[in-house]
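Understanding the architecture of this molecule
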Amino acid sequence: MDEMDEMYEVIQEFIVESNENLDNLDNDLVALEEDPTNADIMGSIFRTIHTIKGTCGFLGFGKLEKVSHVGENLLSKLREGELPLTQPRTTALLQMVDAIRQMLACIEESQNDGDEEYLELIENLAALQIADGEGEVDSAAAQDDAAAESAPAVEDDEPEEEERVKPIGAILVESGDVSSDDLAAAIQQQLDGDKTAVGEILVNKGVVKKEAVDKAVSKQSEAQTRASTASPSSIRVDVNLLDQLMNLVGELVLIRNQVLQFGESFDNPVFSTTSQHLSQVTSELQEQVMQTRMQPIGGVWSKFPRVVRDLSQGCGKQIRLEMEGKETDLDKSLIEAIKDPLTHLIRNSVDHGIEMPEVRTANGKAAEGVITLRAYHEGGQVNIEICDDGGGIDPEKLKSKALEKKLISEDQAKNMGEKDALNLIFKAGFSTAAAVTNISGRGVGMDVVKTNIENLGGVVDISSKLGEGTTMRIKIPLTLAIIPALTVTCAGDRYAIPQINLMELLMLEGEDAVSGIEQLHGVPVYRLRGKLLPLLYLNKELWGEDSAENAATNSNINIVVLKAGELQFGLVVDDVNDTQEVVVKPLGKQLKGINSLAGATIMGDGRVAIILDVFGLAENAKLLSETAQQGAGIHDEQLATEEKEKVSLVLMRNPDGGRMTVPLSEVTRLEEIQKNDIESVGNDEVVRYRGQIMTLINVFSLLPERRSSERLIADGEKEMESSGTQQSADSSGVVQVIVCTKGDKAIGLVVDQVLDVTEEVVEISGESSRRGVSATAVIQDRVTEFLDIDEVIAMSSGKSKRRSSHSGAEA
Amino acid sequence: MQLCTFKLGDYFFGVDVEKVQEVIRHQEMTRIPLAKKEIRGLINLRGQIVTAVDLRLLLGLSKFSDSDEPMNIIICDDDGAVSFQVDEIGDVLDVDESSFEYPPETLKGIARELIQGAYKLTDRLLLVLDADKAVEVTA
């Protein structure tokens, strides 16, 4: 190995080690803030920074050394009890930890400690070394600095030597060969500039025999070897190596499966014992290798005390974080994946869960809130709980919020139990408004948290008691690499379905197979204990082939009932095989984007089988839309409709029986006007209306007859037959007027009859059928013309002009 | 430069030997639902799952039928292995750089992206496939 490589390795080791230490440091500092007299914690903090400082000096990272040095000085004052640990000091030290972390990241990336100088931080740390109100400490600190700078090597090695190996002098004093006074004199001589070793000075002075010193030296070196060879209980292993090992074990599991299957085909007792033995060893090996990838969850948790401290100080709350079950193990890959969702939940607890201190005391609680993180194994899964003793969540408020956002209907809200209401916070869209914080909801991004956890094959659950607090419960599997799965066959291919999604298996036989599956507007459903279960045909979902008919010809129908989060659905497959442990292999990048597929595995016969992603399937079949959670599946069309905006329309009837409409947004008011009140001004009809003179326009007498569409006419005739109200409207002595405002002038459109105001999604299907009509559309299953108000007004003024010119000619 | 040669329809192709992990005979395959049409299926290569690409289809030739038993050229990539399915595997040839020419401007489409050029052998042209690109475009 050449020098560069060696240096690189040393640096890598330094980074890994320092990062580990820094994680502890965060916690230690927060713990120390609560218990400032704890000398153990103080000592550990000091040692960590000291080690970092020493090593980075040696490796030539100047900035890192500067920052850690000034931090160390502050810490040493704290350790000696010269200064009390105050909040600003803790904050500054935490900032120093951040800065060090940042520089370490920089070193990892580019082999240098970056461009940032951290001058402010250094100044701050230096300033904090001044005891409050004592100016002279400053110069002492400066001296300290100078001393440390001039002789860093001496100071650097001290504490560690102290711990492991005693200096010669101390050994000699201990053995009684030298008096401590003589030793002190020798050390003084050394400090005065004598470079000779302490032992030599002592021999030269004649206070001790050379043999005694030699003996002490050998004793010391013995201790040194002991210290360095004290066998460590753990070693650091490259993660890639573990991954490879895991892969190999996965392969071994597959071969085992193959051997077992092969063994069944011939009857040989020796072979079957051997293969059973192989099976046993493989299982054990698998377990052990999995174990090597297990990490205590404490690793993820370590940053939370800091998060809680910073956040709670930021929002003026008092919160204590308690952690139980730090040692609970789970797979490395899961540790990484669970980090973000957990952080999110904790932030939420701090932000929305725990109340302000004054609110708490007013409610008879301690001012300090407690968030408890708990982890434990249960039934081959890891449970993680985040409890707070905060104000809890009011399900009623959640419901009204969801109603307001149109996420649920009135009916749904009425029938919704407390549990379902609480689960509303996981709904997508619930979170988007800033207003979420003003109820005690925790909506922000919770849908994302839920999805992330579900992607890991986990579930998240919430329970809350108003006034007493909230608990979030997460259940995740121990590992993602090997999972129990159900294998099914469909169109000749085998597929594996993760057992975590599996609810039950149904087989419809005989008559049931024919009549059991019903159609709900084109969506196949099955009545499972009285509830409608939407069905997906696997062959259709995957290959687009309509296997509904195939299934019908098949005498039996196999339905695998699956759950994707809240949603249950049935997957119709040709055959259900068995359950087995499968080794999950990721798909290549060519197939990454297909969300119905979770991966692949190798079956006992050596062939590849696809592992299905139940969420992806449901999503692709549009089962996971918001309305779908009510039970039945939903029509594409309906979905598309929901995405479009609804428009409020005023519907009215023509004298010829046809329907017309104007958008409500263009209408100022709907009025009934007494015929007696209508006056004539020239050729225009007017009416006094709200202190104005309003021109009336008789819409239908203006419009040219429409002959453009036979459908329109047919519709018109139908309406005619059913109505016959035209005359009665006339004879009633009132006319119906739609008042519009153009500029600041009110204009009244006289119409035959206003039918309805409706909210519709408008799909313009036809173009304008005649002048004065902007478009046609089907509304409430009737062809309806959109009245072009501007055009009608223009036509009316044109008409009145024409009329007046007419009358002029006649006169 | 050494090229691992193979036949694809009427064409004679080569791919940089350094990119080739191994060459194997026809393998049983599992078809993959919802995948691009160029992706023929998944192969179990000693416990490693390899995606098989229909190289004929990728290059715009007539695709392999289900009864065809193409050979696999396994290309090793940072993210795993990909198999290019080809008609026939040929020898590994040492080629003379001086006989190389870039494709003419008239070569268009996906072939232009994937074919780096041709070595003029005495009796025919040896087209050079850009393995990295071919892996890339299937992703």
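Per-chain numbering applies: the sequence of each chain, read as written, is numbered from 1 onward. All chains are assigned letters beginning at A, and all ligands numbers beginning at 1, according to the order in which they are written. Totals for whole chains, interfaces and linings use all residues, but because this is a predicted model, local features are given only for residues with pLDDT of at least 70 and pairs of side-chain atoms are given and counted only at 80 or more. With hydrogens and water excluded, all non-hydrogen atoms of the structure serve as input to the side-chain values.

By the naming in an unreviewed UniProt entry, chain B is CheW protein, taken from Mariprofundus ferrinatatus.

Regarding the overall build of chain B
We count it as follows: Strands here are runs of E lasting at least two residues and helices are runs of H or I lasting at least four, both read from the DSSP assignment and numbered beginning at the N terminus. Think of it in three bands: residues with accessible area under 20% of the maximum for their type are buried, residues over 50% are exposed, and the middle band is partly exposed, with areas taken using a 1.4 Å probe on protein chains only. Any two residues having at least one pair of non-hydrogen atoms within 4.5 Å are treated as being in contact. Using a 1.4 Å probe, the Shrake-Rupley method yields the accessible areas, and only the shown protein chains count as cover for residues.
Counting secondary structure elements, chain B contains 3 helices and 11 strands. Helices and strands appear in chain B in the N-to-C order β-β-β-β-β-α-β-β-β-β-α-β-β-α. Taking all 139 residues of chain B together, the buried fraction comes to 48%. Considering only contacts within chain B whose residues lie at least 6 apart along the sequence, 53% involve residues at least 24 apart. For chain B, the computed accessible surface area is about 7,100 Å², with 47% contributed by carbon and sulfur atoms.

Side note on the pairing of strand β4 (residues 369-378) of chain A
All names here are of chain A. The line we're drawing: Two strands form a pair only when DSSP identifies at least two bridges running between them.
Bridge count for strand β2 (residues 319-324) against β4 is 6 bridges, and the pairing is parallel. Bridging across to β4, L321 finds its partner in I371. Bridge count between β4 and strand β5 (residues 381-388): 8 bridges; the pairing is antiparallel. Bridged to R374 within β5 is E385.

As for the sheet that holds strand β10 (residues 502-508) of chain A
Residues and elements named next belong to chain A. Just so we agree on the cut-off: Lines fitted to C-alpha atoms define the axes here, with helix axes fitted over just the stretch in contact, and angles between the N-to-C directions of these axes take values from 0 to 180 degrees.
If you walk across this open sheet you meet the 6 strands as β10-β14-β15-β13-β12-β11, and the pairing is mixed. Strand pairing shows two members of the sheet lacking a second neighbour, β10 and β11 (517-520), which therefore form its edges. Taken pair by pair, the neighbouring strands of this sheet meet at an average axis angle of 40°, ignoring direction. Relative to strand β13 (residues 531-537), strand β12 (residues 523-528) runs antiparallel, the two being bridged by 4 bridges. Looking at the pairing, L528 lines up with K531 of β13.

Observations concerning the confidence of the model for chain A
All names here are of chain A. Keep this limit in mind: For every residue, the pLDDT score states the predictor's confidence, bounded by 0 at the bottom and 100 at the top.
Averaged over chain A, the pLDDT score is 76; the fraction of residues at 70 or greater is 80%. Taken as a whole, residues 133-164 scores under 50 in pLDDT and shows 25 contacts with residues more than four places along the chain or in a different chain. Taken as a whole, residues 626-643 scores under 50 in pLDDT and shows 26 contacts with residues more than four places along the chain or in a different chain.

Describing a negative patch on the surface
The condition that has to hold: Patch members must show over 30% relative accessible area and no salt bridge, and they are joined within 9 Å when carrying like charges or within 5 Å when they are nonpolar side chains of Val, Leu, Ile, Met, Phe, Trp or Tyr. In what follows, salt bridge is the name for a side-chain nitrogen of Lys or Arg lying within 4 Å of a carboxyl oxygen of Asp or Glu. In this tally, Asp and Glu contribute negative charge and Lys and Arg positive charge; neither His nor the terminal groups of the chain are included. Charge placement uses NZ in Lys and CZ in Arg. For Asp and Glu, CG and CD serve respectively.
On the surface, A:D5, A:E6, A:E9 and A:E13 cluster together into a patch of negative charge. With respect to the helices, strands and loops of the structure, A:E6 is situated in helix α1 (residues 3-34).

Overview of the sheet that holds strand β3 (residues 20-24) of chain B
Residues and elements named next belong to chain B. The 5 strands lie next to each other as β3-β6-β7-β5-β4, forming an open sheet whose pairing is mixed. In this open sheet, the two edge strands, each paired with only one partner strand, are β3 and β4 (39-45). Sheet twist, expressed as the mean angle between neighbouring strand axes with direction ignored, is 30°. Pairing geometry for β3 and strand β6 (residues 71-77), over 4 bridges, is antiparallel.

Some details on the interface of chain A and chain B
What counts here: Buried area: the sum, over both parts, of the accessible surface (1.4 Å probe) that disappears when the two are put together. Polar contact is the term for a pair of N or O atoms within 3.5 Å; when the atoms are in protein, one must be able to donate a hydrogen and the other to accept it, and sequence-neighboring residues count only if both atoms are side-chain atoms. Here the nonpolar group is Ala, Val, Leu, Ile, Met, Phe, Trp, Tyr, Cys and Pro; Asp, Glu, Lys and Arg are the charged ones; every other residue, Gly included, is treated as polar.
Facing the 24 residues of chain A at the interface are 24 residues of chain B. Together, the buried faces of chain A and chain B total about 2,100 Å²; carbon and sulfur atoms form 61% of this surface. Considering only the surface of chain A that becomes buried against chain B, A:K589, A:Q590 and A:V608 emerge as the three largest contributors, covering 33% of it. Viewed at the interface, chain B and chain A are joined by 3 salt bridges. A:D493 is the salt-bridge partner of B:R31, the closest N and O atoms lying 2.6 Å from each other. Across the chain A-chain B interface, the total number found is 4 residue pairs in polar contact (both at pLDDT 80 or more). Secondary-structure elements contributing two or more residues to the side of chain A that touches chain B are β9 (493-498), α23 (538-543), β17 (597-602) and β18 (608-612) of chain A. Here the side of chain A that touches chain B gets 4 residues from one element, more than from any other, and that element is β17(A). A breakdown of the residues in the side of chain A that touches chain B according to their chemical character gives 12 nonpolar, 6 polar and 6 charged.

Looking at the packing of helix α12 (residues 239-264) of chain A against helix α13 (residues 269-292) of chain A
The description of two helices packed together rests on the angle between their axes and the distance between the axes. Residues and elements named next belong to chain A. Short version of the rule: Each angle is binned into one of four classes, with values under 35 degrees roughly parallel, values over 145 roughly antiparallel, values of 65 to 115 roughly perpendicular, and all other values oblique. Should the near helix be turned anticlockwise from the far one by less than a right angle, the crossing is termed left-handed; should it be turned clockwise, right-handed.
Packing of α12 against α13 brings their axes to within 9 Å, and their N-to-C directions diverge by 160°. On the basis of the axis angle, α12 is roughly antiparallel to α13. As α12 runs across α13, the sense of the crossing is left-handed. Along the contact surface, α12 presents L242, L245, M246, V249, L252, V253, R256, V259, L260, F262 and G263, while α13 presents F271, S275, L278, S279, T282, S283, L285, Q286, V289, M290 and T292. For the contact of α12 with α13, the per-class residue count stands at 14 nonpolar, 7 polar and 1 charged.

Quick look at a nonpolar patch on the surface
Together, A:I235, A:V237 and A:L241 give the surface a local cluster of nonpolar side chains, amounting to about 300 Å² of exposed area. Tracing the backbone shows A:L241 in helix α12.

Here's the deal with the nonpolar core
Within soluble globular proteins, side chains that are nonpolar generally end up buried alongside one another. In plain terms, the rule: Put simply, buried Ala, Val, Leu, Ile, Met, Phe, Trp, Tyr and Cys residues joined by side-chain atoms within 4.5 Å make one nonpolar core.
Membership of the largest hydrophobic core comes to 59 residues, with the highest contact counts inside it found for A:L538, A:F569, A:L571, A:L612 and B:F84. If sequence neighbours within four positions are ignored, B:F84 has contacts with B:V53, B:L55, B:M71, B:N72, B:I73, B:I75, B:L129, B:A131, B:A134 and B:V135. Residues A:L373, A:A402, A:L407 and A:A421 belong to the second largest nonpolar core, which totals 44 residues.

A word on helix α18 (residues 395-404) of chain A
All names here are of chain A. Test applied: The arc in question is traced by the directions running from the helix axis to the C-beta atoms.
If you check which residues of α18 are buried, you get P395, L398, K399, K401 and A402. The buried residues of α18 occupy one face: seen down the axis, they fall within an arc of 165°. Along its buried surface, α18 packs onto α19 (410-415) and α20 (418-423). At the N-terminal boundary of α18, the capping side chain belongs to D394, with an oxygen 3.0 Å from the backbone nitrogen of E396.

With respect to the environment of A:N363
With respect to the element layout, A:N363 can be found in the loop between α17 (357-362) and β4. C-alpha of A:N363 to C-alpha of A:G467: the two residues are 104 residues apart in sequence and 8.4 Å apart in space.

Focus on the environment of A:T343
All names here are of chain A. Assignment of secondary structure puts T343 in helix α16 (residues 332-353). The exposure class of T343 is buried, given its relative accessible area of 10%. Along the sequence, T343 and K303 sit 40 residues apart, while their C-alpha atoms lie 9.1 Å from each other. Apart from the residues within four sequence positions on either side, T343 is in contact with K303 and F304. Among the polar contacts listed, one links the side chain of T343 to the backbone oxygen of K339, at a separation of 2.7 Å.

Some remarks on the packing of aromatic side chains
Residues and elements named next belong to chain B. So the rule is basically this: Centre distance within 6.5 Å is the pairing criterion for rings of Phe, Tyr and Trp, where only the six-membered ring of Trp is used; planes under 30 degrees apart are then read as stacked, over 60 as edge-to-face, and the remainder as tilted.
The tally for this structure, following the rule as stated, stands at 4 aromatic pairs over all chains. Aromatic pair F6 and F13: ring centres 5.6 Å apart, planes at 10°, arrangement stacked. With respect to class, F6 is no different from F13; both count as buried. On the numbers, 5.2 Å between centres and 85° between planes, the contact of F100 with Y102 is edge-to-face. Taking the relative accessible area as the measure of exposure, F100 reaches 21% and is therefore partly exposed. On the basis of relative accessibility, which here comes to 66%, the residue Y102 falls in the exposed class. Members of the aromatic cluster, connected to one another through ring pairs, are F100, Y102 and Y119.

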